[in-house]
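A structural walkthrough
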Amino acid sequence: MSLELRNVGRTFAGKQAVRDVSFSAKQGKIIGLLGTSGCGKSTLLRAISGLDSEYDGEIAVNGAITRDIQDEIGFIFQEPRLFPWLTVLDNVTFGLKGTKNEKEKLGKMYLKNVGLADSAKLYPKQLSGGMAQRVAIARALVTSPEILLLDEPFSALDAFTKMQLQDLLLDIWETYQSTIVIVTHDIDEATYLCDRIIILRGQPGEIDKEIGINEQRPRARGSKLLAELKTEILESLDLNRAEESVN
Amino acid sequence: MEKMEAEVSTVLTKEHASKRKDQQIKRSKNVEHIVLGSIIPIILLIVWEILSRLEVFPAYMLPAPSVVLGTIVGLGQDGSLWGHIGITTYRVLAGFVLGTAVAVVLGSFVGFYQKAEQLFDPMIQAFRSIPSLAWVPLFILWMGIGEPSKITMIAVGVFFPVYLNIISGIIGVDRKLIEVGKINKLNSFQLVSRIILPASLPSFLTGLRSGLGLGWMFVVAAELMGASQGLGYLLVLGQNTLSPETILASIILFALIGKLTDWILKIIEARALHWQDRLVKS
Ligand SMILES: Nc1ncnc2c1ncn2[C@@H]1O[C@H](COP(=O)(O)OP(=O)(O)OP(=O)(O)O)[C@@H](O)[C@H]1O
Ligand SMILES: [Mg+2]
């Protein structure tokens, strides 16, 4: 599904959190949102998902303007948000429809994908932070959504698991051609995954810079191109800091 | 291959053994708790018994523990004990069920619908500030001193803690969990049954337990105001016949049965809430 934001902004109790954000993504594109803490990235994702409908501007999905919660949407929140009374497996299959058998089979497959095959019967209180986050990832991916909104999905994970899950995400993207918007603080992650990186800046947050990456996937981690992109992004972030210190 | 199987089985038995050891340790700790907790009561009982036998306490004021126990045994032998316990427990349970049912219906309504809250809650809060025992004369006037007035009284006592806890449970459900449900396109009914109900269960069970406690308190009041049978009746009887041992026997029975019913609820609570991540279990 294609996605389009036109002049989207959000005001909380008279205070603007983010303003005038416009971008569009064709089906199957991966958009990265980068920016300092508090510049409105999570707020934007909530607006896109429809969980928050009080925003200014318009959001169109497949060309149709809507403020409802999208069908076929997957959301990985900044926190795991697991249901404490359900086992890991039941948490993963929470949004699935169909017979119990089908659901469990699919759920177990995704648990295996995130490296938690042995933890199906545990309860959330028995999980570590990274394990809980991986359960949340499995729960969002298992429904094979057409739009995937990810809010710092891999930030609680070690470097190796993180890379594995990035590749899992790319597998799913390739199979289902999902449109993905991912918030991240990890520049390597952004350059590895995204077709376009949107850098937000300031309070209220605004689009500061957009960087397109026309490199085929899978990309080589640590390739020269990605390293150059990283320098570019770092410079633009650095620039911000210099400006802030002047103010 | 065989060797490996053997190894696996030794590992398994080892695991099993260590589990059993854990359980043993747990059990011995429990025993320790019980022993420690009962030292002072036992000493007090012995001192009391001795002082009573030495007639330091006059028997018509404070009879010896053995006499109280004898009274309970006597009641058991002539068969009236079960009648008293039965009717009191029946009153508490009937009132408990009635009060809980009304609280669940009203509480869910007020918890879920803002309009219902605006309609009902101020009135219920106002009623709450009336000490519930103040209703007694009115209930007697309306329903006589038979069972209906007693059960209604107990139900009133049970109602408030259950009602308040249901509402705070429903209102306190984490918005973030509800959002997960919305993202998964649950309809209102599914939101309630799959998220709001399980999430507010802990609060509901807390309400049930304090409701039951109040139920036992109110049954005393209800039976004091006029009954021909029941543990509260024994209290009145003991007062009128100047036999403190009957009063003490009744008090002890109240304590035992109240504790027993709370313990049952506590077990249900532990079963239903095993998923909770709590520091201490109360
Ligand atoms: N529900 C809310 N009510 C009031 N203010 C809010 C609310 N949600 C967000 N804000 C404000 O909006 C701004 C942006 O918040 P947001 O959560 O989108 O930041 P973010 O870019 O995701 O930051 P981080 O990287 O730390 O997650 C913040 O200043 C925050 O205080
Ligand atoms: Mg955020």
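What counts and what doesn't
Residues numbered from 1 in each chain as written. Chains lettered and ligands numbered in written order. Predicted model: local features only at pLDDT ≥ 70, side-chain atom pairs only at ≥ 80, totals over all residues. Heavy atoms only, no water. Helix = DSSP H or I, 4+ residues; strand = E, 2+ residues; numbered from the N terminus. Buried < 20%, exposed > 50% of the residue type's maximum accessible area, 1.4 Å probe, protein only. Contact = heavy atoms within 4.5 Å. Lys, Arg positive; Asp, Glu negative; His and termini not counted. Charge placed at Lys NZ, Arg CZ, Asp CG, Glu CD. Buried area = accessible area lost by both parts, 1.4 Å probe. Salt bridge = Lys/Arg side-chain N within 4 Å of Asp/Glu carboxyl O. Polar contact = N/O pair within 3.5 Å; in protein donor to acceptor, adjacent residues only side chain to side chain. Nonpolar A, V, L, I, M, F, W, Y, C, P; charged D, E, K, R; others polar. Patch = residues over 30% accessible without salt bridge, like charges linked within 9 Å, V, L, I, M, F, W, Y side chains within 5 Å. Areas by Shrake-Rupley, 256 points an atom, 1.4 Å probe, with all protein chains shown as cover. Donors = N, O, S within 2.8 Å, 3.2 Å for Na, K, Ca; no water. UniProt positions renumbered as here; feature names shortened; annotations may be inferred.

1. So, the overall build of chain A
Check the secondary structure of chain A and you find 7 helices and 10 strands. Overall size of chain A, expressed as C-alpha extent along the three principal axes, is 55 × 40 × 35 Å. Expressed as a percentage of the 247 residues in chain A, the buried residues total 52%. Long-range contacts, defined here as pairs at least 24 residues apart, represent 66% of the contacts in chain A between residues at least 6 apart. Within chain A, one finds 30 positive and 35 negative side-chain charges whose respective centroids are separated by 5 Å.

2. Some points on the interface of chain A and chain B
If you look at the interface, chain A gives 21 residues, while chain B gives 19 residues. Taking both sides of the interface into account, the surface hidden between chain A and chain B amounts to around 1900 Å²; carbon and sulfur atoms contribute 65%. Applying the counting criterion to the chain A and chain B interface returns 4 salt bridges. Here Lys176 of chain B makes a salt bridge to Glu79 of chain A, at a shortest N to O gap of 3.9 Å. Across the contact surface, chain A and chain B share 8 residue pairs in polar contact (both at pLDDT 80 or more). Elements supplying a minimum of two residues to the side of chain A that touches chain B: α1 (41-49) and β6 (73-76) of chain A. For the side of chain A that touches chain B, the per-class residue count stands at 11 nonpolar, 4 polar and 6 charged.

3. Description of a nonpolar patch on the surface
Residues and elements named next belong to chain B. On the surface, Val31, Val35, Leu36, Ile39, Ile40, Ile43, Leu44 and Val47 cluster together into a nonpolar patch covering about 740 Å² of accessible area. Examined against the element boundaries, Ile40 turns out to sit in helix α1 (residues 2-53). Take Ile40: its relative accessible area is 57%, and that puts it in the exposed class.

4. Examining the coordination of the magnesium ion (ligand 2)
Residue and element names in this part refer to chain A. Coordination of the magnesium ion (ligand 2) by the protein involves Ser42 (OG) and Gln78 (OE1), with metal-donor separations of 1.9 to 2.3 Å. With Ser42 in helix α1 and Gln78 in the loop between β6 and α2 (88-92), the pair connects residues that are 36 residues apart, well separated along the chain. In this structure Ser42 comes out as partly exposed when scored by relative accessible area, which is 24%. For Gln78, a relative accessible area of 37% corresponds to the partly exposed category.

5. Overview of the UniProt feature "domain: ABC transmembrane type-1" (unreviewed entry) in chain B
UniProt annotation of "domain: ABC transmembrane type-1" (unreviewed entry) refers to residues 81-265 of chain B when read in the numbering used here. Taken end to end, residues 81-265 of chain B has its terminal C-alpha atoms 24 Å apart, with 85% of it in helix and 0% in strand.

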